[in-house]
Amino acid sequence: MELSRELSNMLVNPDVYADPERINALFAQLRRDAPFARAHPDGFDPFWVATRHADVLDIEKRSDVFHNGDRSTFMSPAAVIELTKQVTGGDPNLIRSLVSVDGEEHKALREITFKALTPASLRAVQEDIRATASLFADRMIKLAPTCDFARDVAYWYPLRVVMQLLGVPEKDEPLMLRLTQEMFGGADADLNASGAELPPVESMAMFVRNTLREFDEYFAPVTKAYRENPTGSLHSIMANATIDGEYLTHRQLMGYYIISSGAGHDTTSNTTSGAMWALAERPELLRRLKDNPQDIAGFVEESVRWASAVKTFMRSATEDTEVAGQPVKKGDWILLSYHSASRDESVYPDPDEFDIDRPRGKQIAFGSGPHVCLGQHLARLEMRLLWEALIPRLKSVELAGVPRLYRSTFVIGPKTVPIRFEVE
């Protein structure tokens, strides 16, 4: 099945993703009428679009048949991919990280930090994270009766937690936040370095010229310092990691640094902001969570589904195969819509409702299969501890303006969540 030019172009339009009503309506239509179909957006190579939970799960679990890195892992215009290849010498992905490699290389890179991010290992730092959560709850309470929850709390709390684990000094947190926002929000006037809404090629060029250079300049001395004096921090573990007796290549190591320093906190920030947005619109939910703090875990899980901060990833077929009864040819490019899969009516009844009583175990917003999010347990822990610190202190909370999402087709979250609140 072929999608119309109009629907195809909507799939690659950042403005559509920044409008909850438009994006939800678009994917509801596709799940109903064209759940696995070919899109031909202007300026893009054609790609299949997987919108249903079952199909996204099927593709992710068949990682030998559907690769992350043979083609661009990100839904990028053809001109951006060509620019990337020019910069990298042929690799369609600018950063060589966990999300853009496959097979044995992916397994080896993942094993470097896997043990440090298991629930058992995180128990050793839980009280440190709880103390940080209390610190940021205090910060919000002092701002009463109003604040912008995204800008005042959610941007900074997961950043602080992750930077402490990585070994980044607190004074460098604003730099890491800026570079992360430029990396994921390059097309958005409020997040990139130009202050203007940029077309994809210009956004990519700015990222290569400025942001990537700053990352490289920052982490070069980090590597040297940790190899001379190793510590228990995650960045030290990365700097000293070896594969087959050799240190990681420059691209592998930089990719690890960048993905951990960026995606390690940004998706959690976006989900936390989205959770407050949902809470501020549902006064009965705050009352329930205050009376039943054991339900906070369900609140966190539903906020992950609800926000689906990572909207898309791309895969490519390594052989002729079939998805949802459709023939897929070797080399075909496929968009996985986590946003749509997280709202699949066959899995989540009334998917546009925020329901903390949904059954556990069907979460797909963290991905699945070998590429499931390495930091998912940390993200859940961070969010649970923040809400445990904050909810008992809130008497009421409501929106004090209209929240706004930033423009992107990849990682998306609220730029602003203005709230008015009373404290106990």
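Residues numbered from 1 in each chain as written. Predicted model: local features only at pLDDT ≥ 70, side-chain atom pairs only at ≥ 80, totals over all residues. Heavy atoms only, no water.

A few words now on the overall build of the protein. A count of helices and strands for the protein gives 18 helices and 14 strands. The globule rule puts the C-alpha radius of gyration for 424 residues at 22 Å, and the 21 Å found for the protein is close to it. Seen through its C-alpha atoms, the protein measures out along the principal axes to roughly 60 × 55 × 40 Å. Buried positions account for 57% of the 424 residues belonging to the protein. When contacts within the protein are restricted to residue pairs at least 6 apart in sequence, long-range pairs at least 24 apart make up 71% of them. (Helix = DSSP H or I, 4+ residues; strand = E, 2+ residues; numbered from the N terminus. Rg over C-alpha atoms; globule rule 2.2 N^0.38 Å. Buried < 20%, exposed > 50% of the residue type's maximum accessible area, 1.4 Å probe, protein only. Contact = heavy atoms within 4.5 Å.)

This part covers the nonpolar core. With 128 residues, the main nonpolar core has F47, M140, F149, M276, W387 and I419 as its most contacted residues. In terms of residue count, helix α14 (residues 250-280) provides more of this core than any other element does, 11 residues in total. Apart from the residues lying within four places of it in its own chain, the contact partners of M140 are C147, F149, V153, M276, L390, L394, I419 and F421. (Core = buried A, V, L, I, M, F, W, Y, C linked by side-chain atoms within 4.5 Å.)

Turning our eyes to something else, we now look at the pattern of salt bridges. In total, this model carries 32 salt bridges according to the counting rule given. We note a salt bridge from E345 to R31, for which the minimum N-O separation is 2.9 Å. Taken together, the residues E345 in the loop between α17 (338-341) and α18 (376-390) and R31 in helix α3 (residues 20-33) connect sequence positions 314 residues apart. Between D138 and R393 there is a salt bridge; the shortest N-O distance is 2.4 Å. Taken as a pair, D138 in helix α8 (residues 126-142) and R393 in the loop between α18 and β11 (394-399) lie far apart in primary sequence, 255 residues in all. (Salt bridge = Lys/Arg side-chain N within 4 Å of Asp/Glu carboxyl O.)

Closest axis-to-axis distance for the helix α10 (residues 157-166)/α18 pair is 11 Å, and the angle between their directions is 130°. Taken together, the axes of α10 and α18 lie oblique to each other. Regarding α10 and α18, the two cross each other, and that crossing is right-handed. Only L378, E382, L385 and L386 of α18 make contact with α10, whose side of the interface consists of Y157, P158, V161, V162 and L165. (Axes fitted to C-alpha atoms, helices over the stretch in contact; angles between N-to-C directions. Parallel < 35°, antiparallel > 145°, perpendicular 65-115°, else oblique. Left-handed = near helix turned anticlockwise from the far one by under 90°.)

Here we come to the pairing of strand β1 (residues 36-39). Side chains F36 and R38 project from β1 onto one buried face, and the interleaved A37 and A39 project onto a second face that is buried too. Across four bridges, β1 lies against strand β2 (residues 47-50) in antiparallel orientation. Bridge assignment links A39 to a residue of β2, and that residue is F47. (Pairing = 2+ DSSP bridges.)

Below, the discussion takes up the environment of K290. Within the secondary structure layout, K290 lies in helix α15 (residues 283-291). Setting aside its immediate chain neighbours within four residues, K290 contacts I391, P392, L394 and E424.

What follows is about helix α6 (residues 103-114). Every α-helix winds through 3.6 residues per turn, so residues three or four apart in the chain are directed the same way. The end-to-end C-alpha separation of α6 is 16 Å, in line with the 16 Å expected for 12 residues at 1.5 Å each. Among the residues making up α6, those that are buried are H106, L109, R110, I112 and T113. Looking straight down α6, one finds that the buried residues subtend no more than 145° of arc, so they occupy a single side. Along α6, the residues that are exposed and aim more than 90 degrees away from the buried face are E104 and E111. Where the residues of α6 are buried, they touch α13 (234-240), β5 (242-243) and α14. (Expected span 1.5 Å × (residues − 1). Arc of directions from axis to C-beta.)

Looking now at α10. Most of α10 sits inside the fold, with nine of its 10 residues counted as buried. Among the residues of α10, Y157, P158, L159, R160, V161, V162, M163, L165 and L166 are the ones counted as buried. Phi for G167, located one or two positions after α10, is positive at around 100°.

Below, the discussion takes up the sheet that holds strand β3 (residues 66-67). Taken in spatial order, the five strands line up as β1-β2-β10-β7-β3 in an open sheet, and their pairing is mixed. Taken across any chain shown, the strands that pair with only one partner, and hence form the sheet edges, are β1 and β3.

A word on unusual backbone geometry. That bond from A144 to P145 is cis: its omega, 15°, falls within 30 degrees of zero. Positionally, P145 belongs in the loop between α8 and β4 (146-148). Despite not being glycine, A324 has its phi angle at roughly 55°, a positive value. With respect to the helices and strands, the residue A324 is situated in the loop between β8 (321-323) and β9 (326-328). Here A324 falls in the partly exposed class, since its relative accessible area comes to 38%. A positive phi angle, near 50°, is found at D350, a position not held by glycine. Mapped onto the elements, D350 comes out in the loop between α17 and α18.

This paragraph deals with the pairing of strand β10 (residues 333-337). Walk down a regular strand and you will see the side chains alternate between the two sheet faces. Of all five residues in β10, five are buried, a share of seventy percent or more. Neither face of β10 is exposed, since W333, L335 and S337 on one face and I334 and L336 on the opposite face are all buried. Relative to β10, β2 is paired through three bridges, and the arrangement is parallel. Bridge pairing in β10 links W48 to I334. With five bridges connecting them, strand β7 (residues 312-317) and β10 associate as antiparallel partners. Paired with S316 across the strands is W333, a residue of β10.

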